[in-house]
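Working through the structure, step by step
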Amino acid sequence: HHEQKEIMRANLVATLVLLVHAATPSQSQPSSSAPSPSFTIVTYMSSDVGEGYGIHTKAINTEYAKRHGYTFIVHETDDGRGGRDVRWNKVAAVREAMQNMEAGTGGAVMWMDADAVITNFDKAAHELLDQAAPAQDLLICRDLSVPREKPTCAPVCLNTGTFILRNTEWSRRFLDRWWQSANEHPDLAFGGSHEEAALARLYSTGWEGIRDKTNVFGATAFNSAPPFLADHPADQLVLHASGEPSAVRSLVFGHIAQSLSSPAGASSTGLSLYMASLLPELSSLVRRGYEDAHAEDPNDPKVMTVLASLVRDSGEAGSLGRAGGLLKRAMEATPEDANAAVTYGAFAAQYMGEWCGARDAFMAAMRLQPGSETTAQLLRGAVEGCNKAAKKRSSKRGTVVYILAGLVVAAVMALVVCGGGDAPKAKKNK
């Protein structure tokens, strides 16, 4: 009940902020007293997101845009532009925002995914443009969440969860070309990689000098390094809860949204300091969020895996047993995932001493990835550990049997000695 009250209060605060500060349901206008660079922040969300954690992201980012004199535009629709996957809506939305600017007049458009919020109101996003060379029109952060062999990396991993584009002719051609990529490669219109893979292709081929026109910032310059909770400094501009369950996003963003109604919220500096004071509480919020997500879908392997790590780190009584059980269930739910098997095997060996269970898990992983030398080494270690454990159990069984045998003999002897006088005597033959 306490958690529900917290969420309801945060929803109320967020709704009030939107009603007061948003000129229309979809767009907030710059404050007349604030500096007004031609800077627009754009986002998109589906209706279910807009009615859920999106309430908080709209409230937080609307307030940030108001304080810095930016325009903030929210596109809410359940349909993908051009019949594509909805993730392509970001390209269409940025194109539309830039087309509404007068060409050659400067300014820029910043894209933010719906699961990203501003957490440092002191920082002005448009000042990031000064950190790039004047000829660099695309500002984007490095992605640390995907392996290099993924199609979204070429030759560096780029995260399109947030990016900034100057209002230039090159940017307009780039957006048109980016959009056109899905027409030439239909797999990108609906495939798992979507617009990030399309951008990676343009970057790898060097389309129109794109590498020289791009400034690749560090992962946390105006984005987050996953998992976002592990490394989020108090002065970081953006918290991007990429890949997190909706339950986690709702709790975390709702908690941050409450700061909008705090006494400190009257100034950007005070609000940033207040938000910074909330960061230590994010750990417990994330744990609660994952518990909620697990209750909603007990068979989600990703949720089980992350929850296992949170439970393990809690130090609670029985935490290792529960964490191991979650990882084992995650492995069983994804029998074709070698990583899930390796994760459980490593945990079983390191934290639970279940070497034979670890051996079985690593064997399953080897069947899926027979060429993995790392898994092969883990398997050899687990086999050795299992054999030693078996010998120890055998030795213990032998010792127990020897002791029991001795006790039985002693008991029989005691019976004979103590009860011999009462034993029936043999009759003599006459």
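Residues numbered from 1 in each chain as written. Predicted model: local features only at pLDDT ≥ 70, side-chain atom pairs only at ≥ 80, totals over all residues. Heavy atoms only, no water.

1. What to know about the pattern of salt bridges
- Taken as a whole, this structure holds 19 salt bridges when the rule is applied.
- Measuring nitrogen to oxygen at the nearest pair gives 2.6 Å for the salt bridge that ties Arg-67 to Glu-63. One end of the pair is Arg-67 and the other is Glu-63, both in helix α3 (residues 54-68) and four residues apart, which spans about a single turn. Neither Arg-67 nor Glu-63 differs from the other in exposure class; each is buried.
- Of the charged contacts in the structure, one is a salt bridge between Asp-113 and Lys-90, with a shortest N-O distance of 3.2 Å. Within this pair, whereas Asp-113 is found in the loop between β4 (108-112) and β5 (116-118), its partner Lys-90 is found in helix α4 (residues 89-99), the two being separated by 23 residues in sequence.
- The class of Asp-113 is buried, set by a relative accessible area of 19%.
- Here the residues in one salt-bridge network are Arg-287, Glu-291, Glu-316 and Arg-322, joined through shared partners. (Salt bridge = Lys/Arg side-chain N within 4 Å of Asp/Glu carboxyl O. Helix = DSSP H or I, 4+ residues; strand = E, 2+ residues; numbered from the N terminus. Buried < 20%, exposed > 50% of the residue type's maximum accessible area, 1.4 Å probe, protein only.)

2. Quick word on the packing of aromatic side chains
- Under the defined criterion, the tally for this structure stands at 12 aromatic pairs.
- With a centroid separation of 5.8 Å and an interplanar angle of 45°, the aromatic rings of Trp-170 and Trp-207 are classed as tilted. Here the residue Trp-170 occupies a position in helix α5 (residues 169-184), and Trp-207 occupies one in the loop between α7 (194-205) and β8 (214-217), the gap between them amounting to 37 residues. With respect to class, Trp-170 is no different from Trp-207; both count as buried.
- Each member of the aromatic cluster is reached from another via a ring pair, and the members are Phe-163, Trp-170, Phe-174, Trp-178 and Trp-207.
- One residue, Arg-84, lies across the ring of Trp-88, its end atom 4.9 Å from the ring centre.
- We note Arg-84 situated over the ring of Trp-179; from NZ or CZ to the ring centre the distance is 3.6 Å. (Phe/Tyr/Trp six-rings, centres within 6.5 Å; stacked < 30°, edge-to-face > 60°. Lys NZ or Arg CZ within 6 Å of the ring centre and 35° of its normal.)

3. Overview of the packing of helix α11 (residues 301-314) against helix α12 (residues 319-333)
- Across the interface, α11 lies against α12 with an axial gap of 8 Å and an inter-helix angle of 165°. The orientation of α11 relative to α12 falls into the category roughly antiparallel. Seen along the crossing, α11 lies across α12 with a hand that is left-handed. On α12, the residues touching Pro-301, Met-304, Thr-305, Leu-307, Ala-308, Val-311, Arg-312 and Ser-314 of α11 are Ser-319, Leu-320, Arg-322, Ala-323, Leu-326, Leu-327, Arg-329, Ala-330 and Ala-333.
- Of the residues belonging to the contact of α11 with α12, the class tally is 11 nonpolar, three polar and three charged. (Axes fitted to C-alpha atoms, helices over the stretch in contact; angles between N-to-C directions. Parallel < 35°, antiparallel > 145°, perpendicular 65-115°, else oblique. Left-handed = near helix turned anticlockwise from the far one by under 90°. Contact = heavy atoms within 4.5 Å. Nonpolar A, V, L, I, M, F, W, Y, C, P; charged D, E, K, R; others polar.)

4. Describing α7
- End to end, α7 covers 17 Å across 12 residues, agreeing with the expected 16 Å (1.5 Å per residue, within 8%).
- Along α7, the residues that are buried comprise His-194, Glu-195, Glu-196, Ala-197, Ala-198, Leu-199, Ala-200, Leu-202 and Tyr-203.
- The secondary structure elements touched by the buried residues of α7 are α4, β6 (138-142), β7 (158-166), α5, α6 (186-190) and β8.
- At the exit of α7 stands Gly-206, carrying a positive phi of roughly 70°. (Expected span 1.5 Å × (residues − 1).)

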